[in-house]
Structures are given as structure tokens and as C-alpha cells.
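Letter by letter, the chains look like this.
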Amino acid sequence: MGYDVTAIRAQFPTLERKVYGDKPLIFLDSAASAQKPRAVTDAMTHFMDTTYSNVHRGIHALSQEATDAFEAARGKVAAFMNADEREVVFTKNTTEAINLVAQSWGRKNLRPGDEILVTELEHHANIVPWQLIAEATGARVRAVAVLDDGALDMDDFHAKLGPATKMVAVAYVSNVLGTVLPVQDIISAAHAQGALVLLDASQAVTHKRVDVKALNVDFLAWTGHKLYGPTGIGVLFGKFDLLDAMPPFLGGGDMIDTVSFDGSTFREPPYRFEAGTPAIVEAIGLGAAIDWVEAVGIENIAAHEADLLEYAMTELSGANDVTIFGTTPTKVSVLAFLLGEHHAHDVGTILDRTGVALRVGQHCAEPLHTRLGVHSTVRASFAAYNSREDVDGLLAGLSVCRELLG
Amino acid sequence: MDSETRALFESRLLTLAQARVRERRLADATHTGSAKNPFCGDEIAVDLRLNADGGLEALGYEAKACSLCVASAELLSRWLEDMQASAGSVAGSVAPETLHALAQSVDLALKGEKEPAGFEALATVRPFRARHKCVTLPFDAVTKALKDQHS
Ligand SMILES: Cc1ncc(COP(=O)(O)O)c(C=O)c1O
């Protein structure tokens, strides 16, 4: 049977609501954060109603059950990206995962003159942590150029990659352009130079199968709330030997072996990096989200989204007043554009009133907007639950914008 | 389209923003401040010329910003001209405290209080909470400018 978007939508209660009185919600902002299927909220509620307790520290039945459920969620995350469980660190989100690597690995390994290579299309979460650690260690952050169509300039990448490069930190998929970066080539080239690679996979895990072993990537970060899971839970994958050689990021309970006033010793990864009570319920929710995605099939979701993207791209490129940013063949369903000369916020305000929820602005990617020579963009993103009718809603909303903005 | 949205996009604000008649930098500014809305990247720079007694004599602005922000800066520039023309100002200047008070009243007007004279057109922005910052951005720049003193 084909992809039944109606049946999928029925699992997302939020999509049933109306806004501004009688306008059906057309939710095209999943790249910012996705809606949650009932399976996720049910799993979290059920856990809180039946099994809730702190983890890793209790002798009683509930604590042991809660620990089992929490660690089972880690197992689902590991299987989802083909990692070992001890290579999965739970964090708060992508931002914390990248900061963890920058502060822990960076503080230990970066020296004055070392270089961290990022790209012009990064989310601020994959720029600022590196700037902070560069400032503290004397290392330098350099950015690889982006071409006009939204592809990474691989000539510039090879020119900037050199013996001084210690870390290549790049997005797997751009959160504005939807461009999928040639990460396999990037990883091979970086490794040949002796540099490590961190992939910001926030926008990748939602649209494609990510296999850390096949990629041979060193670190990979993503966030649960974009993958139909709850907020407050993110993932850092790190190769075990790398994690094992890294000092803690935060100190406190759960991450120690022994504590005395002469000093403390730390647990093995991933626990060394999970100080304090973790986001237990959120981890359970993320596990349920992964179950949900796997049941639908990430490949099926990707194919459905590709169909929506193609439909939207065709319709929008047909209009002579729409400029689309990011036109590479390797593009997932993240679609940034501008309508004529109109300010993205005016377009967003009017679309909102027609029921279309999307994001306008710089999408936490100011350097990319500077590179594109635009102030801000309108971004529509399509997820598992979007339909062609949603795209039609966007097109109808744009007609209203034309009418009101002239 | 609902009446609020129509009112906003058919309001005088957009005409003001399109005309941008008062947009200019002041070559002889004594104070300069800029403000940026990190959400959308909009930016505005405001120049002020204060006299030796601290009275505001002139205001200029330059904006890379949306129509609501530009319209707000236009209203502000025109307000200053009106104030200077009125009897309340000493020798054509306006006390910075008056400007602070104005910024506060604009803020309160967006939250539902009556708009200060000259700013009635802002009423159409009130229902659009996500756009309030667009209107207050020029005032943020003014506040920063007043803290700045050219050497
Ligand atoms: C590419 C990319 N990186 C990082 C992030 C940050 O995610 P979070 O805010 O969950 O840490 C996002 C989400 O906005 C993103 O799209």
C-alpha cells in the first residue's frame, strides 16, 4: 500500500486544530520543531503514570524499571544510527552536544594555530561553540564557502583543509537550503589530513537514514524535538575511543566513580558526560519517536517529502516573483524563498493569518544570509504528516500576500 | 483575509515606509546607536544631535528593516519635528527624558494603552504580537544612542 498521509495525520492531534477562528492549521515549520504523534505523548504519559522514578541510583523496583526503560531508549537511539550504546550520550539538544565536544575535546586537544573548519551554511549552534573554544585555546575558526545554488564549494573546502585543521564541523543538511552535503567525501578528506569530523545531523536524521559506521564519522549531533520526539533531549554520538579520552564537560552526580576531597574519578562514557538526573521521560519519548519513525519507515517518509518538495518547487518556480534559495539536486524538504521584494516578515505575518505556520527570518544562520545577500527568508519545511493540500494552502496564502502587499 | 490583517497592510504605516522621506544619516551627530532584531536580522542606526544643554536638536536614521520598523522611525522623526515646532520645546530642542517617555508610551500602546499623539497608526500593529519588536526597534536604537557619546 502507498503512503497514507491521512492515516499519518490522524496520529497528530495538533494538526486537527484551527487557528484564528476557523482556519485549519497548515503546519510547515517542522524544520524548527516537529509535531508529536500520539505514540510519543502516550509513551511519556504511560511511563510517568506507571514507572516513573530516578534512574541509575535506586535499589527499588521502580528505579530499576525506570533505568531499564531509559537504557532501552538509548539502545533504540543507537540502533537508529547504527552506533554502539556506549557511544550514545544523551544531551539536552544539538546545541549542548556540540558545546560538549567543543569544550571537552577542544579544551584538551586544541592549540594556538590549530584550525576548526566550518561552513558558511552552518546553524549558529555549529559556529558559536567553536568560536568560544577557539578564543580560549588560540585556535582559529575558518568557514568554507557556499556556492550560489546552495552547494558547498568543495574546491574551497580542499583549499582550506590542511595540516592545521584539527576539526571539521559541518552540517549534514542545511537548515535553510535543504542541501545535503557530500559528507562522505568531507570525512575521507578530513581523515586523510588527520582531522576529526563532527556532523550536525539535526536536519538529516529527520529526512534520511544516518549510519555512523558507514560514514565513519567521529562525532554526530542531533536533537529529539525535530524527529517527532519531545524537547529537552538530544544526542551526541562519539566514537568510543574518542569519548573515552575526553574529560567531563559538566561535573556532578551520576558521572563519577569516586569522589573525595583529594579529587574525583570519572565513569566511562557515555555516563561521564551525563551529569545529574537526565531527561528520563524525554528519553522515553525519544525512544517512542524512533519506534514511530521506523514503523512508518524513514525511507517512506523521505520519498513522501521528496514528492511534496518537488511539487512545491515546481509551483513556486513557475511564479516569476518567487526566488528560491538552494536548488541543488541533493535537497531535502526545506524550502527557503522570497516573494518579490517583500520582507519575509510581512509575508510570514499574512501567511500566518491564512493558517500557514512557517518560519521567517535568518533561521539562526546569519552568515548564510549574508552570503546569499539577503536579509531574511521565508522557510517552508515538509514533514511526514504534510500533504499536497498543505502545499496548495501555501500557494493560496502567497496569492493573498500578493494581493495585500501589491 | 481578516480585517486586522487588511487594516495592517492597508494602513498609513506602509505608505510612510514606502516613502521613507526622513531617512538620512546626520553628519554632525553627537550620539549614534544601532539596534538589531536577531530574529529577522533587521537593523536600524539612529543618529542624534544634542546641544550643549543636552537638548535633542535633530534625529536621523538608516534602516535595513521591514516596513513596520521604517514606519516607526518615520513617525519618530516626524514627532521630533512636531515637538520642536511646538511651544513646549526650548529653543527648538527636546529633552531626552521626553524621548524616553515616548518610548515607554509606544511600548504601552502596543500592549493596549492609548497611543501617544502622532502614533495612532500603530494601533493596527497591536494584534500582531510577533511584530511589536519591529516597531520598538528604532526606540531601542535611540536608547543606545543616548548612552553613547561621540568623543
Ligand atoms: C542544522 C541545525 N543545527 C542545530 C540546531 C539546533 O538545535 P537545538 O536548538 O535543538 O539545539 C538546529 C535547529 O534549529 C538546526 O537546524
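Residues numbered from 1 in each chain as written. Chains lettered and ligands numbered in written order. Predicted model: local features only at pLDDT ≥ 70, side-chain atom pairs only at ≥ 80, totals over all residues. Heavy atoms only, no water.

Engineer: What is the right way to read the overall build of chain B from this model?
Structural biologist: When its secondary structure is counted, chain B shows 5 helices and 3 strands. Moving toward the C terminus, one meets the helices and strands of chain B in the order α-α-β-β-β-α-α-α. Here the contacts in chain B between residues at least 6 apart in sequence split such that 58% fall between residues at least 24 apart. (Helix = DSSP H or I, 4+ residues; strand = E, 2+ residues; numbered from the N terminus. Contact = heavy atoms within 4.5 Å.)

Engineer: So what exactly am I meant to see when it comes to the sheet that holds strand β3 (residues 56–64) of chain B here?
Structural biologist: In a beta sheet, neighbouring strands pair by backbone hydrogen bonds and run either parallel or antiparallel. All names here are of chain B. Taking strand neighbours across the sheet as the criterion, the 3 strands line up as β1-β2-β3 in an open arrangement whose pairing is antiparallel. Single-partner strands in this sheet number two, and they are β1 (31–36) and β3. For this sheet, the mean angle separating the axes of adjacent strands, direction not counted, is 15 degrees. Sheet topology note: the β1/strand β2 (residues 43–50) ladder contains 6 bridges and is antiparallel. Bridging from a neighbouring strand, His 31 pairs with Leu 48 of β2. Sitting on the sheet, helix α5 (residues 132–147) is in contact with β1, β2 and β3, with an inclination near 140 degrees to β1. (Pairing = 2+ DSSP bridges. Axes fitted to C-alpha atoms, helices over the stretch in contact; angles between N-to-C directions.)

Engineer: Can you help me understand the site of the ligand in this one?
Structural biologist: Residue and element names in this part refer to chain A. Lining the immediate surroundings of the ligand are Asn 93, Thr 94, Thr 95, His 123, Ala 125, Asn 175, Asp 200, Ser 202, Gln 203, Thr 223, His 225 and Lys 226. Separating an oxygen atom of the ligand from a side-chain N or O atom of Gln 203 is a distance of 2.7 Å. Within the side chain of His 225, one N or O atom sits 2.8 Å away from an oxygen atom of the ligand. Calculation on the ligand without its partners gives an accessible area of 400 Å², and the protein chains cover 89% of this total. Class assignment of the residues belonging to the shell around the ligand gives a composition of 1 nonpolar, 9 polar and 2 charged. (Near = heavy atom within 4 Å. Polar contact = N/O pair within 3.5 Å; in protein donor to acceptor, adjacent residues only side chain to side chain. Areas by Shrake-Rupley, 256 points an atom, 1.4 Å probe, with all protein chains shown as cover. Nonpolar A, V, L, I, M, F, W, Y, C, P; charged D, E, K, R; others polar.)

Engineer: Would you take a moment to explain the domain arrangement of chain A for this structure?
Structural biologist: A common way to express how large an interface is: the accessible area buried when the components associate. All names here are of chain A. Here chain A is described as being made up of domain 1 (5–29 + 297–405) and domain 2 (41–294). Taking the mean C-alpha position of each, domain 1 and domain 2 sit 28 Å from one another. Taken together, the contact between domain 1 and domain 2 spans 34 residues of the former and 30 residues of the latter. Between domain 1 and domain 2, the buried area comes to about 2600 Å², and carbon and sulfur atoms account for 59% of it. Summed over the three residues of domain 1 that lose the most area to domain 2, namely Ile 298, Leu 368 and Arg 371, the buried surface amounts to 25% of that side. The interface formed by domain 1 and domain 2 contains 3 salt bridges. Ionic pairing is found between Arg 371 and Glu 120, a salt bridge with its closest N-O pair at 3.7 Å. (Domains from an automatic or database assignment. Buried area = accessible area lost by both parts, 1.4 Å probe. Salt bridge = Lys/Arg side-chain N within 4 Å of Asp/Glu carboxyl O.)

Engineer: When you look at the pattern of salt bridges in this model, what are you seeing that I'm missing?
Structural biologist: Side chains carrying opposite charge are able to pair once their charged atoms draw close together. All chains considered together, the criterion is met by 36 salt bridges over all chains. Here Arg 6 of chain B makes a salt bridge to Glu 403 of chain A, at a shortest N to O gap of 2.8 Å. With Arg 6 of chain B in helix α1 (residues 3–9) and Glu 403 of chain A in helix α14 (residues 388–405), the pair connects residues from two separate chains. According to the relative accessible area criterion, Arg 6 of chain B is partly exposed, its value standing at 26%. The residue Glu 74 of chain B makes a salt bridge to Arg 22 of chain B at a minimum N-O spacing of 3.7 Å. (Buried < 20%, exposed > 50% of the residue type's maximum accessible area, 1.4 Å probe, protein only.)

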